[in-house]
Amino acid sequence: MFSYFASTSGMIEFDVVGTGTALDRLGRATVDSGVAARFRCHGRLEHGPFRVMFGRAHVVIVPTRTAYSEGFNAVVAEAIQSGRPVITSRLCPAVDLVRDAVVEVPPDDLPAYRKAIERMADDIQLYEAKRAACANLKAQFFDG
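Bear in mind the structure is a predicted one, so any value in this text is a computation, not a measurement.

Caption draft 1: Structural view of the nonpolar core. Grouped together as the largest cluster of nonpolar side chains are 21 residues, with contacts concentrated most on Val62, Val76, Ile80 and Val86. Within the residue set of this core, elements represented by two or more residues are α2 (47-56), β4 (59-62), α3 (74-81), α4 (95-98) and α6 (124-137). Considering every element that reaches this core, the biggest residue donor is α3, with four residues. Those residues within four positions of Val76 in sequence are excluded, and the remaining contacts are Val62, Val86, Cys92, Ala94 and Val98. Counting 13 residues, the second-largest nonpolar core is a separate cluster that includes Val103, Val105, Ala112 and Leu126.

Caption draft 2: Seen up close, the environment of Val35. Counting through the fold element by element, Val35 comes out in the loop between α1 (23-32) and β3 (39-43). Relative accessible area serves as the criterion here: at 29%, Val35 is assigned to the partly exposed category. Along the chain, Val35 and Ala101 lie 66 residues apart, while their C-alpha atoms are 29 Å from each other.

Caption draft 3: Fine view of the environment of Ala94. Along the chain, the position of Ala94 falls in the loop between β5 (86-89) and α4. Judged by relative accessible area, which is 0%, Ala94 ranks as buried. With 18 residues separating them along the chain, Ala94 and Val76 place their C-alpha atoms 6.7 Å apart.

Caption draft 4: Spatial organisation of the confidence of the model for the chain. Considering every residue of the chain, the mean pLDDT works out to 86; 92% of them sit at 70 or more. Considering each helix and strand of the chain separately, the mean pLDDT is smallest for strand β1 (residues 2-8), with a value of 47, and largest for strand β6 (residues 102-105), with 96. Below a pLDDT of 50 lies the segment residues 1-5, which in the model reaches 43 contacts outside its immediate sequence neighbourhood of four places, other chains included.

Caption draft 5: A look at the side chain of Thr64. Within the fold, Thr64 resides in the loop between β4 and α3. When residues no more than four places from it in sequence are discounted, the contact partners of Thr64 are Glu70, Thr88, Ser89, Leu91, Cys92 and Tyr113.

Caption draft 6: Quick look at the pattern of salt bridges. On inspection of all chains with the given rule, the structure shows seven salt bridges. For Asp96, the salt bridge identified is with Arg99, shortest N-O distance 2.6 Å. With a relative accessible area of 40%, Arg99 lands in the partly exposed category. Glu118 is the salt-bridge partner of Arg114, the closest N and O atoms lying 3.0 Å from each other.

Caption draft 7: Representation of α6 in the model. Under the 1.5 Å per step criterion, the end-to-end length of α6 is 20 Å for 14 residues, consistent within 8% with the ideal 20 Å. Within α6, burial applies to Leu126, Tyr127, Lys130, Ala133, Cys134 and Leu137. Across the axial projection of α6, the buried residues extend over an arc of 125°, all falling on one side. Opposite the buried face of α6, by more than 90 degrees, sit the exposed residues Ile124, Gln125, Ala135 and Asn136. Two or three places before Gln125, at the start of α6, stands the capping residue Asp123, its side-chain oxygen 3.2 Å from that residue's backbone nitrogen.

Caption draft 8: Broad picture of the packing of helix α5 (residues 110-122) against α6. Packing of α5 against α6 leaves a shortest axis separation of 5 Å and a crossing angle of 95°. Comparing their axes, α6 and α5 come out roughly perpendicular. Contacts from Arg119, Met120 and Asp122 in α5 reach Ile124, Leu126, Tyr127 and Lys130 in α6. Of the residues contributing to the contact of α5 with α6, the split by class is four nonpolar, no polar and three charged.

Analysis parameters
Residues numbered from 1 in each chain as written. Predicted model: local features only at pLDDT ≥ 70, side-chain atom pairs only at ≥ 80, totals over all residues. Heavy atoms only, no water. Core = buried A, V, L, I, M, F, W, Y, C linked by side-chain atoms within 4.5 Å. Buried < 20%, exposed > 50% of the residue type's maximum accessible area, 1.4 Å probe, protein only. Helix = DSSP H or I, 4+ residues; strand = E, 2+ residues; numbered from the N terminus. Contact = heavy atoms within 4.5 Å. pLDDT = per-residue confidence, 0-100. Salt bridge = Lys/Arg side-chain N within 4 Å of Asp/Glu carboxyl O. Expected span 1.5 Å × (residues − 1). Arc of directions from axis to C-beta. Polar contact = N/O pair within 3.5 Å; in protein donor to acceptor, adjacent residues only side chain to side chain. Axes fitted to C-alpha atoms, helices over the stretch in contact; angles between N-to-C directions. Parallel < 35°, antiparallel > 145°, perpendicular 65-115°, else oblique. Nonpolar A, V, L, I, M, F, W, Y, C, P; charged D, E, K, R; others polar.

This is how it looks when you write it as structure tokens:
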């Protein structure tokens, strides 16, 4: 599962895309807590709607955890190709290829993810530097 955020009038919004054992529980929790309008769970999306999510996003969050052994995460490459910086941990193998466009957090540290999200929303210079790095990194993901 991964999520995006967009900032609208100072308000952070999340679109969670993908699957996972906690998705239904997360969806119910957003309704129960009254944040469902700003924290939307979409599940698995086909290519077209998935691209729409990238178009709306400011940042892509890839919450890789120590409990899950992950290979190369294609979402990271897609984020870079779309000009979207990434928030993730060193457990995501793609980090080494795109470090300049990543805000790295310690593995399994939810407060650190929150702090990184807030930094990207509040620090326009940091955000623009990470976004500009995407332009320099995306060519490596294209096969001529």
